[in-house]
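Here's the letter readout for the chains.
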There are 2 protein chains.
Amino acid sequence: MGSIRHLVLAKFKDEAAVEELLQGLQKLVSEIDVVKSFEWGEDVLKDERLGQGFTHAFLLTFGSAEDLATYIKHPSHVAFGKAFRAAIDKILAIDFPVVTNEISA
Amino acid sequence: MGSIRHLVLAKFKDEAAVEELLQGLQKLVSEIDVVKSFEWGEDVLKDERLGQGFTHAFLLTFGSAEDLATYIKHPSHVAFGKAFRAAIDKILAIDFPVVTNEISA
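Residues numbered from 1 in each chain as written. Chains lettered and ligands numbered in written order. Predicted model: local features only at pLDDT ≥ 70, side-chain atom pairs only at ≥ 80, totals over all residues. Heavy atoms only, no water.

What follows concerns the interface of chain B and chain A. Opposite the 35 residues of chain B that make contact, chain A presents 36 residues. Summed over the shared surface of chain B and chain A, the number is two salt bridges. Between Glu39(A) and Arg5(B) there is a salt bridge; the shortest N-O distance is 2.6 Å. Between chain B and chain A we count 12 residue pairs in polar contact (both at pLDDT 80 or more) in total. For the side of chain B that touches chain A, the elements supplying multiple residues, two or more each, are β1 (4–12), α1 (18–31), β2 (35–42), α2 (48–51), β3 (56–62), β4 (88–97) and β5 (99–101) of chain B. No other element matches the eight residues that β2(B) contributes to the side of chain B that touches chain A. (Contact = heavy atoms within 4.5 Å. Salt bridge = Lys/Arg side-chain N within 4 Å of Asp/Glu carboxyl O. Polar contact = N/O pair within 3.5 Å; in protein donor to acceptor, adjacent residues only side chain to side chain. Helix = DSSP H or I, 4+ residues; strand = E, 2+ residues; numbered from the N terminus.)

Sequence positions flagged by UniProt for "domain: Stress-response A/B barrel" (unreviewed entry) are, in local numbering, residues 4–96 of chain A. A helix fraction of 43% and a strand fraction of 35% characterise residues 4–96 of chain A, whose end C-alpha atoms lie 6 Å from each other. (UniProt positions renumbered as here; feature names shortened; annotations may be inferred.)

What follows concerns helix α4 (residues 75–86) of chain B. Residues and elements named next belong to chain B. Helix length check: α4 (12 residues) gives 17 Å between terminal C-alpha atoms against 16 Å at 1.5 Å per residue, within 8%. Burial in α4 covers these residues: His77, Phe80, Gly81 and Phe84. Seen along its axis, α4 keeps its buried residues to an arc of 115°; they face one direction. Projecting away from the buried face of α4 at angles above 90 degrees are the exposed residues Pro75, Lys82 and Ala86. Summarising the contacts, the buried residues of α4 are in contact with β1, α1, β3, α3 (65–73) and β4. (Expected span 1.5 Å × (residues − 1). Buried < 20%, exposed > 50% of the residue type's maximum accessible area, 1.4 Å probe, protein only. Arc of directions from axis to C-beta.)

For the rest of this paragraph, the subject is the relation of the copies chain B and chain A. Superposing chain B onto chain A requires a rotation of 180° together with a translation of 0.0 Å along the rotation axis, leaving an RMSD of 0.0 Å. Here the symmetry operator amounts to a two-fold rotation axis. (Least-squares fit on C-alpha atoms with pLDDT ≥ 70 in both.)

What follows is about the nonpolar core. Among the nonpolar cores identified, the biggest contains 26 residues, and Phe12(A), Leu25(A), Phe58(A), Leu60(A), Phe62(A) and Tyr71(A) are the most heavily contacted of them. Within the residue set of this core, elements represented by two or more residues are β1 (4–12), α1 (18–31), β2 (35–42), β3 (56–62), α3 (65–73), α4 (75–87) and β4 (88–97) of chain A. At five residues, α1(A) tops the list of elements feeding residues into this core. Formed by 25 residues, the second largest nonpolar core is a distinct cluster that contains Ala16(B), Leu21(B), Phe80(B) and Ala93(B). (Core = buried A, V, L, I, M, F, W, Y, C linked by side-chain atoms within 4.5 Å.)

Glancing now at unusual backbone geometry. Located in the positive-phi region is Gln52(A), a residue other than glycine, with phi close to 50°. By the secondary structure assignment, Gln52(A) is in the loop between α2 (48–51) and β3.

Dropping the structure here:
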């Protein structure tokens with residue numbers, strides 16, 4: 001079975017302590033074994049129509065849907081999720097099995 | 001300068017020829033040199049609230065914002081974009097420089 005991506009887009013509230021939350025998230029994913037990789041970034045397109053106001057993307061990779069489920073229900077994730085949701089205006093989440101195409105140079 | 005991700009979420013119309021479009025996209029990205037990697041997947045979360053109805057995620061990686069701009073304005077991309085937009089109910093796009101955290105096992 002292939003890897004599965006857990007993609008979260010968020011728009012933080014103006015008053016949110018974004019740096020603190022990002023550090024908390026980095027700590028969280030480093031402490032939960034099933035997280036294979038973690039990356040994030042801040043939107044640079046800043047196209048209100050195309051980006052629908054989302055400011056940050058978070059991309060986590062898991063070895064299987066079971067590992068993702070383990071992460072989602074992990075007590076540390078549940079606790080972090082509460083703080084995270086309190087700091088955001090909106091959120092979007094999609095999980096997808098990775099289909100990759102090698103690009104020949 | 002680090003890599004930049006070009007993330008697109010789409011919800012296809014019921015009658016869209018999704019397979020054909022996916023093949024067209026794979027052909028497109030393989031023909032445009034600046035695309036460093038391409039992956040996509042179909043949402044398995046199927047959470048109408050969290051996923052806001054988006055059914056597919058596309059994740060392209062470029063070496064720089066300049067390379068991404070080259071891709072966006074490439075005539076083949078512009079032509080494909082027309083067919084793509086005709087087949088979707090909605091789209092969301094975000095570009096973000098990759099911030100990665102190594103996960104120690």
